Each structure stands twice: as structure tokens, then as C-alpha cells.
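# A closer look at the structure
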Amino acid sequence: MKVSPKGRRALITGITGQDGSYLTELLLSKGYEVYGLVRRSSNDPLVRLHNLKSKPHIVYGNLRDMASLERAIKEARPDEIYNLAAQSDVGISFKCPEETEEINYYGVGRLVNAAMRFNPKVRIYQASTSEMFGKTKPPQNEESPFLPVSPYGVAKLKAHEDFVVGYREKHGLYICSGFLFNHESPRRGEHFVTRKISISLVKVKLGLQDRVELGNLDAKRDWGYAGDYVEAMWKMHQQKKPQDYVVATGESHTVRDFVNEAAAILAIKLHWSGQGLREVAKNEKRKTIVRVNKMFYRPTEVDYLLGDCRKAAKDLKWGPQLSFAKLVRLMVESDLAALSRGIK
Ligand code: NAP
Ligand code: G4F
């Protein structure tokens, strides 16, 4: 017999982030009592949650602070935990490797230990990532070797091995990893490449900015829609046994493809020329709209991600709903609406 989610209690770490906001909406719509772990910030950390009709409970805490996690778990009394909190910027992980390891590895250990002591039957979802596959040849699935090339990927892999696989085997804990490939939305942080392109080209269109400077245009990513991906997280918690799943679209595009798709939606005609650091895209008036800046290159790069999510399709009956073209349109139209309002 399936247990109805109504009345179940969930604790979401990283509730203020992109995925946290979509997952909160999903769980509230299913009747969950939702608690969100929020760390102190000088700005309003709850901006992504302001438009929700019903609200989650907020508990203050930090993955770096064991006592705060114990208090949060005691207050939330969760049946399910979704650990979405992380230093999630791969580029920044090269600049702040210790902080990345502290949050993305040790932080997971603190949370899992606190949760297990409080309730050994708790179910924990860990936000693992396609970045862990790193240099592994595509397509990547659950059997593919992990070859991470960034401090971010390394910390996430250690957390997966020690606290997901390790604690499942040693302690019989219900804990699972979602190896999620890149997923985007109008709520995506503005430094990730898709949102940076969307906002910048809208600003170019509105005459608010001259051009956008990017790094590696040849990197290939399997980009899906965040709203679809949180469904998969929830489904992983509803299985008989905890298992790890790849969540992806099975389609890959270059950063340059994303630029072209976004520009076409805005009726900006781009003509590309040059190569490597000299590559540029100009508009019909021969004005440079896209330029490469080596500042945005990474010391080591993941060249090609392409997920094979047949296991999730079979077990979870999950599949992506929004195509690449529709995802880019959603993001561009959302930024266009918001920025047009701003200049009226
Ligand atoms: P995001 O928008 O950057 O959100 C990250 C969240 O973590 C924010 O709520 C942030 O809080 C919180 N956080 C950071 N450090 C913390 C700490 N020390 N203690 C407590 N909270 C902390 O990331 P996202 O895109 O939603 O991704 C969610 C998770 O999925 C992350 O773990 C990410 O690594 C993983 N992931 C993402 C993708 C993707 O494509 N989006 C793919 C695979 C895996 P503040 O608001 O205070 O900064
Ligand atoms: O948008 P990105 O910063 O995402 P990245 O590095 O793939 O990481 C995201 O996806 C991971 C899943 O695979 C998550 F685990 C992680 O938390 C995060 O959500 O960069 C995408 C690609 C990279 O190859 C990067 O080198 O775009 C390239 N890129 C080119 N120019 C740029 C830029 N990336 C950024 N952020 N900014 C640029 O100007």
C-alpha cells in the first residue's frame, strides 16, 4: 500500500536556491509539511520563495555548524530530507577549494549523522551531480566511471562514496544520490552560463548593455528544466529501496548553441568569426555582441556531458517534459518581461 504524502514532513537544505524553490512548491502541493534550512545572509535570502501561496517553515542553520543541524532536525522532525545545500558554482570551487570541501563533503557528513541519530528510518536525498563524471566519455549513466576534474566534483564524489554508498551499506540507511545533469530555469543563479546569456542578450536587445563576454563556447552540456528535475528527486524517495539515478534529457548542446537559440528568440542575427580566444559574434550592423574572455575559462574543463536516464525512465516513470528550445524561450521571455518592466 502506498503511503499518502499528506502530513509527511520534509526538510529541504538549500531551500533558498533554484532547486529548493521548485521542490518546495512541489512538496507543498502534495500536502507535505515543509521545513527549509536557511543560513544567515546580509541580503533577503527568501526572494525565490516570496510568490508562493502557502509557505514553508524556516529554520536557521548552516551545513558548517553541527549544532544548528541537530536543532533544525529536532524542530522539523523530517520523514524525508533533501540535501540541496552546496557551494554549487564549479568555477568558484577552483578559487575556494577548502570552503567547497567543507560544505559539499563535510557538511553532508554532519547532516547525515545528525539525521540518522535522530531517526534511523529517515529518507535522505543527496544532490549529486554529472560534474562527478568529469572526463568520462558520453553518454554517462549509473555504471559510468567517475573522473571529476574540479574541487566541486571531487567533494561531491567523496560525499557520494562515503555518506551515500557507505552509509547505505554500513547502516542500512535509506539514502540515495541523484546524478543530476545541468538544469536551468528563470530562477537560475545569474552567474551560471545559461542565465548569464539570457540576461545579457535581453539587455543587449533593450540597449542596456553592449555585449556579453564568455569563456569556453565549445563545452557541451545536457541542459534540462529544474521544474522537471525536482519531480525525479521526490520519486527517488518513494521507492521500496534506495537507489541512485541519472536525471538528464539525453540531448547535449554547446554553449554557442545556447547563445544562438537565445539570440534567435530575440531576433538578434549573429555572424560568428574567428577561433578560440579570438572568436566573436557580430550583429547585422557589425557590432560585436559576443566576445571570448579567458577570465571565464576554468583551469580544467568538463568537455562533454550527455546523460542516459533510462533507469529513471523505467523505475521512476520519469522523463523530461520541456525541450531545449522551450527551456531557452522560457528563460529569455522571463528576463525580457522583468527587464522591460524595469525600464518602463
Ligand atoms: P543554488 O541555486 O546555488 O542553491 C544552493 C543552495 O545551497 C542555496 O540555498 C544556498 O543558500 C545553500 N547553501 C550554500 N552553502 C550553504 C551552507 N553552508 N549551509 C546551508 N545552506 C547553504 O543551487 P541549485 O542549482 O539549486 O542546486 C541545488 C543542489 O543541486 C546543489 O547541491 C548543487 O550542487 C546540486 N546540483 C545542481 C545542478 C544544477 O544544474 N542546478 C546539477 C547537479 C547538482 P544561500 O541562498 O544562502 O546561498
Ligand atoms: O553554467 P555553468 O557554470 O555550469 P557547470 O559548470 O556545468 O555546473 C552546473 O552544473 C553542474 C552539473 O553538471 C552542477 F553540479 C553545478 O552545481 C552547476 O549547477 O557552466 C557550464 C559550461 C562550463 O563548461 C563553463 O566553462 O559553460 C562554460 N562557460 C562558458 N562561459 C561558462 C561561461 N560558465 C560560466 N558560469 N560563465 C561563463 O561566462
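Residues numbered from 1 in each chain as written. Chains lettered and ligands numbered in written order. Predicted model: local features only at pLDDT ≥ 70, side-chain atom pairs only at ≥ 80, totals over all residues. Heavy atoms only, no water.

Moving on, we get to the overall build of the protein. On a plain count of helices and strands, the protein comes out with ten helices and 15 strands. In terms of overall dimensions, the protein is globule-like: its C-alpha atoms have a radius of gyration of 20 Å, near the 20 Å expected for 344 residues. If you line up the protein on its principal axes, its C-alpha atoms span 65 × 45 × 40 Å. With 344 residues in all, the protein has 52% of them scored as buried. By element, 49% of the accessible surface of the protein is carried by carbon and sulfur atoms, the whole surface being about 16,500 Å². Mean positive and mean negative side-chain charge positions of the protein (55 and 40 charges, respectively) differ by 3 Å. (Helix = DSSP H or I, 4+ residues; strand = E, 2+ residues; numbered from the N terminus. Rg over C-alpha atoms; globule rule 2.2 N^0.38 Å. Buried < 20%, exposed > 50% of the residue type's maximum accessible area, 1.4 Å probe, protein only. Areas by Shrake-Rupley, 256 points an atom, 1.4 Å probe, with all protein chains shown as cover. Lys, Arg positive; Asp, Glu negative; His and termini not counted. Charge placed at Lys NZ, Arg CZ, Asp CG, Glu CD.)

Our focus in this paragraph is the site of ligand 2. For ligand 2, the set of nearby residues contains 22 residues, the closest of which are Thr129, Ser130, Tyr152, Arg298 and Glu301. Here an oxygen atom of ligand 2 and a side-chain polar atom of Arg188 are 2.9 Å apart. Side-chain polar atom of Glu301 to an oxygen atom of ligand 2: 2.6 Å apart, as the coordinates give it. When the free accessible area of ligand 2 is taken as 710 Å², the share hidden by the protein chains comes to 95%. Among the residues forming the shell around ligand 2, the class breakdown is nine nonpolar, seven polar and six charged. (Near = heavy atom within 4 Å. Polar contact = N/O pair within 3.5 Å; in protein donor to acceptor, adjacent residues only side chain to side chain. Nonpolar A, V, L, I, M, F, W, Y, C, P; charged D, E, K, R; others polar.)

Below, the discussion takes up the environment of Lys95. Structurally, Lys95 can be placed in helix α3 (residues 90-95). With a relative accessible area of 66%, Lys95 lands in the exposed category. Between the C-alpha atoms of Lys95 and Asp228, which are 133 residues apart in sequence, the distance is 31 Å.

Next up on the list: the sheet that holds strand β14 (residues 280-282). The mixed open sheet is built from four strands, whose spatial order is β8-β15-β14-β13. Because the sheet does not close on itself, it has two edges, and the strands there are β8 (212-214) and β13 (271-273). The sheet shows a mean angle of 20° between the axes of neighbouring strands, taken without regard to direction. Pairing of β8 with strand β15 (residues 288-292), which is carried by three bridges, proceeds in the parallel orientation. Bridge pairing links Glu213 to Arg291 in β15. The strands touched by helix α6 (residues 193-205) are β8 and β15; relative to β8, the strand with the most contacts, the crossing angle is about 155°. (Pairing = 2+ DSSP bridges. Axes fitted to C-alpha atoms, helices over the stretch in contact; angles between N-to-C directions. Contact = heavy atoms within 4.5 Å.)

Over its 22 residues, helix α4 (residues 97-118) runs 31 Å from end to end, which matches the ideal 32 Å to within 8%, given 1.5 Å per residue. Considering bend angle alone, the principal kink of α4 is centred on Gly107 and spans about 35°. (Expected span 1.5 Å × (residues − 1). Bend = angle between axes of the 7 residues up to and from the residue.)

By nearness alone, 24 residues border ligand 1, and Thr16, Asp19, Asn62, Ser88 and Tyr152 come closest of all. Between ligand 1 and the protein, one listed contact pairs an oxygen atom with a backbone N or O atom of Gly14 at 3.4 Å. In this structure, Thr16 approaches ligand 1 through a side-chain N or O atom, which is 2.6 Å from an oxygen atom. Surface burial for ligand 1 is 89%, taken as the share of its 910 Å² of free accessible area covered by protein chains.

The next subject is the pattern of salt bridges. Summed over all chains, the structure comprises 18 salt bridges. Here Arg110 makes a salt bridge to Glu102, at a shortest N to O gap of 2.3 Å. Taking the shortest distance from any N to any O, the salt bridge between Glu301 and Arg221 comes out at 3.5 Å. Here the residue Glu301 occupies a position in the loop between β15 and α9 (310-315), and Arg221 occupies one in strand β9 (residues 220-221), the gap between them amounting to 80 residues. Considered together, Glu301 and Arg221 belong to a single accessibility category, that of buried residues. The network of salt bridges with common partners includes Asp218, Arg256 and Glu279. (Salt bridge = Lys/Arg side-chain N within 4 Å of Asp/Glu carboxyl O.)

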